[in-house]
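Descriptive structure summary
Spelled out, the chains give:
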Amino acid sequence: MSNKETNKQDHFHDNYSDHSEVKIGSERSFGLVFAVVFLIIGWVPLIKGLPVRWWAILTAGGLVAVAIAIPKALVVPNRLWFRLGLWLQAITSPLIMGLLFYGVLFPTGLLLRMMGKDLLRLKWQKDAKTYWIQRTPPGPSPTTMRDQF
């Protein structure tokens, strides 16, 4: 890390540079999970009285056999699936968070401002001696807050 990056981080309380590493699942679990998915695909038509999808049932059986006997054969599909998941996460997370912010929080904030609401009591009050809010009745005694963590 360069000095310039270190100096930028000195201004923050939290260190955001430490990202936990996402670990790929085992090939055996990958094969078994997809076997369950193909079993569901194979048996779901029975709900509507349609015939079973035998290609899906056979694929599920093959995946179970490979996952148990030679899980190393599933290394490439497991890695491709993992990379697809990372790619989808990189796209969908910011998109969903942006939709939530601009679709819910931003309009709510505008509406509250238009109504003159100040829920966080952030408005400047020239004649206020203090911004402390007195509780009536008072809260718990300080001795009950010794072991918070």
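This text gives an overview of the structure that appears in the document. (Residues numbered from 1 in each chain as written. Predicted model: local features only at pLDDT ≥ 70, side-chain atom pairs only at ≥ 80, totals over all residues. Heavy atoms only, no water.)

Attention now goes to the overall build of the protein. Along the backbone of the protein there are four helices and zero strands. The helix and strand sequence of the protein, counted from the amino end, reads α-α-α-α. Expressed as a percentage of the 149 residues in the protein, the buried residues total 11%. Considering only contacts within the protein whose residues lie at least 6 apart along the sequence, 46% involve residues at least 24 apart. Surface summary for the protein: the accessible area is close to 13600 Å², and the carbon and sulfur share equals 66%. (Helix = DSSP H or I, 4+ residues; strand = E, 2+ residues; numbered from the N terminus. Buried < 20%, exposed > 50% of the residue type's maximum accessible area, 1.4 Å probe, protein only. Contact = heavy atoms within 4.5 Å. Areas by Shrake-Rupley, 256 points an atom, 1.4 Å probe, with all protein chains shown as cover.)

One can describe the packing of helix H2 (residues 27-43) onto helix H4 (residues 75-114) by two numbers: an axis separation of 9 Å at closest approach and a directional angle of 80°. In terms of axis orientation, H2 runs roughly perpendicular to H4. Contact residues: H2 offers Glu-27, Phe-30 and Phe-34, while H4 offers Val-75, Pro-77, Asn-78 and Trp-81. (Axes fitted to C-alpha atoms, helices over the stretch in contact; angles between N-to-C directions. Parallel < 35°, antiparallel > 145°, perpendicular 65-115°, else oblique.)

So, on to the packing of aromatic side chains. Aromatic ring pairs are described here by two measures, namely the spacing of the ring centres and the angle between the planes. Applying the stated criterion across every chain, the model contains five aromatic pairs. On the basis of an interplanar angle of 90° and a centroid distance of 4.8 Å, the ring pair of Phe-34 and Trp-81 is categorised as edge-to-face. One end of the pair, Phe-34, is in helix H2; the other, Trp-81, is in helix H4, with 47 residues separating them in the sequence. Classification of Trp-81 as partly exposed rests on a relative accessible area of 46%. Taken together, a centroid distance of 4.8 Å and an interplanar angle of 90° make the contact between Phe-101 and Tyr-102 edge-to-face. Phe-101 gets classed as partly exposed once you look at its relative accessible area, which sits at 37%. One aromatic cluster is present, built from ring pairs that chain together Phe-30, Phe-34 and Trp-81. (Phe/Tyr/Trp six-rings, centres within 6.5 Å; stacked < 30°, edge-to-face > 60°.)

All right, on to helix H3 (residues 54-69) then. For H3, with 16 residues, the first-to-last C-alpha span of 22 Å sits near the 22 Å given by 1.5 Å per residue. Of all the positions in H3, only Ala-56, Ile-57, Ala-60, Leu-63 and Ala-67 are classed as buried. Down the axis of H3, the smallest arc covering the buried residues is 120°, so these residues share one side. What points out from H3, more than 90 degrees from its buried face, is the exposed set Trp-54, Trp-55, Leu-58 and Ala-69. Here the buried face of H3 lies against H2. (Expected span 1.5 Å × (residues − 1). Arc of directions from axis to C-beta.)

To continue, consider the packing of H2 against H3. Between H2 and H3, whose axes approach to 8 Å, the crossing angle comes to 165°. Between H2 and H3, the interaxial angle falls into the category roughly antiparallel. Like other packed secondary-structure pairs, H2 and H3 cross with a definite hand, here left-handed. Contact residues: Arg-28, Gly-31, Leu-32, Phe-34, Ala-35, Phe-38, Leu-39, Ile-41, Gly-42 and Trp-43 in H2; Trp-55, Ala-56, Ile-57, Thr-59, Ala-60, Leu-63, Val-64, Ala-67 and Ile-68 in H3. For the contact of H2 with H3, the class distribution of residues is 15 nonpolar, three polar and one charged. (Left-handed = near helix turned anticlockwise from the far one by under 90°. Nonpolar A, V, L, I, M, F, W, Y, C, P; charged D, E, K, R; others polar.)

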